[in-house]
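Chain and residue survey
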Amino acid sequence: MIITNLEYLPGMTITAHLGLVQGSSVRSKHAGRDFMAGIKSIFGGELLGYTELLHESREEAVERLTLQAQSIGADAVLNVRFSTSGIAAGAAEIFVYGSAVSVSADGV
Amino acid sequence: MFDFGLFAALLVLGYSCGRIAERRHYQSIRKRESELADLPAIATKFPPRAGLYQQQLVCGSVVIGSDYFKSFMAGLVNLFGGRVRAFESLLDRGRRESLLRLKEQAGTVGASMVINVKYETSSIAAGVTTIEVLAYGTALTPLGDSTVQQVLPD
């Protein structure tokens, strides 16, 4: 499965469009993390807990996108885009979407 | 009186810690930027030279919080309007850091460039100004023509 944010695949031809596929994940950290983030807001700097949290949820969202693409028999997902929205204090939704396609290699 | 003392202490603490953190961060950003200068990350959709590439989606992200002093200054500027310099540097650090992390990930997969780079910024609600910057793009590793079979999808 190729996941890419290009609109084409180098060296390959798109043989069929299978529609939009998506994956999303809503996560939050435990209150302890939020408390530490509150303390950190006095000093400034990177909030590692939240970086980690968003990284994990992004991976999960991409995984769900991949699963959906596999279930409809796609070879690749093109033009993948990410979007993030903070839906509540300390919780964020990560949404990832793209076009599922079937491809064949050129000249094979 | 105690309240004012606490407020002043937080301002001083925020100012000094925030400044030190920012200076260190900029030092580290500049150092890594020069180290990764030979791995270009560009915004075009097509590679500068046509050819066969192995591709992979790479991303880098960072969550940065403002300090007490910056938040206070921003609140002050907000009254009169104008440039909020305190937050400009915060966003600049976030953007550059996330691009560096993207390049680091591209480097570990052996890519020679990253194309179609896009940025995404969101403020995650944690009471104070906390921004998340995500940079993502397609890492390209050049392939010889003989390896065309390997790029076929499963």
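Preceding this section is the structure that the text describes.
Residues numbered from 1 in each chain as written. Chains lettered and ligands numbered in written order. Predicted model: local features only at pLDDT ≥ 70, side-chain atom pairs only at ≥ 80, totals over all residues. Heavy atoms only, no water.

**Regarding the packing of aromatic side chains**
Inspection of the entire model under this criterion finds seven aromatic pairs over all chains. With 4.7 Å between their ring centres and 85° between their planes, Phe82(A) and Tyr136(B) make a pair best called edge-to-face. With Phe82(A) in strand E4 (residues 76-88) and Tyr136(B) in strand E3 (residues 130-142), the pair connects residues from two separate chains. Taking relative accessible area as the criterion, Phe82(A) reaches 4% and is therefore assigned buried. Between Tyr15(B) and Phe69(B) the ring centres are 4.6 Å apart and the planes differ by 70°, which places this aromatic pair in the edge-to-face class. One end of the pair, Tyr15(B), is in helix H1 (residues 2-35); the other, Phe69(B), is in helix H2 (residues 68-80), with 54 residues separating them in the sequence. Residue class for Tyr15(B) comes out partly exposed when judged on its relative accessible area of 38%. Linked through ring pairs, Phe4(B), Phe7(B), Tyr68(B) and Phe72(B) together constitute an aromatic cluster. Lying across the ring of Phe82(A), Arg58(A) places its NZ or CZ 5.7 Å from the centre. (Phe/Tyr/Trp six-rings, centres within 6.5 Å; stacked < 30°, edge-to-face > 60°. Helix = DSSP H or I, 4+ residues; strand = E, 2+ residues; numbered from the N terminus. Buried < 20%, exposed > 50% of the residue type's maximum accessible area, 1.4 Å probe, protein only. Lys NZ or Arg CZ within 6 Å of the ring centre and 35° of its normal.)

**Quick notes on the sheet that holds strand E2 (residues 113-123) of chain B**
The four strands lie next to each other as E3(A)-E1(B)-E3(B)-E2(B), forming an open sheet whose pairing is antiparallel. Strands with a single pairing partner mark the edges of an open sheet, and in this sheet they are strand E3 (45-46) of chain A together with E2 of chain B. Judged from the two bridges that link them, E3(A) and strand E1 (residues 53-65) of chain B form a sheet pairing that is antiparallel. Looking at the pairing, Glu46(A) lines up with Ile64(B) of E1(B). (Pairing = 2+ DSSP bridges.)

**A closer look at the sheet that holds E4(A)**
Whether parallel or antiparallel, the strands of a sheet pair through hydrogen bonds between backbone atoms. Residue and element names in this part refer to chain A. Reading across the sheet, the four strands line up as E1-E4-E5-E2 and stay open at both edges, with mixed pairing between neighbours. Taken across any chain shown, the strands that pair with only one partner, and hence form the sheet edges, are strand E1 (2-3) and strand E2 (12-28). Bridge analysis of E4 against strand E5 (residues 91-105) gives 10 bridges, and the strand direction is antiparallel. Looking at E5, one finds that Leu 78 is bridged to Ser 99.

**Observations regarding the interface of chain B and chain A**
On the chain A side, the residues contacting the 43 residues of chain B number 36 residues. For the pair chain B and chain A, the summed buried surface comes to about 3,400 Å²; carbon and sulfur atoms form 60% of the total. Linking chain B with chain A are three salt bridges. The shortest N-O distance in the salt bridge between Arg101(B) and Glu46(A) comes to 2.9 Å. Linking chain B to chain A there are 15 residue pairs in polar contact (both at pLDDT 80 or more). (Contact = heavy atoms within 4.5 Å. Buried area = accessible area lost by both parts, 1.4 Å probe. Salt bridge = Lys/Arg side-chain N within 4 Å of Asp/Glu carboxyl O. Polar contact = N/O pair within 3.5 Å; in protein donor to acceptor, adjacent residues only side chain to side chain.)

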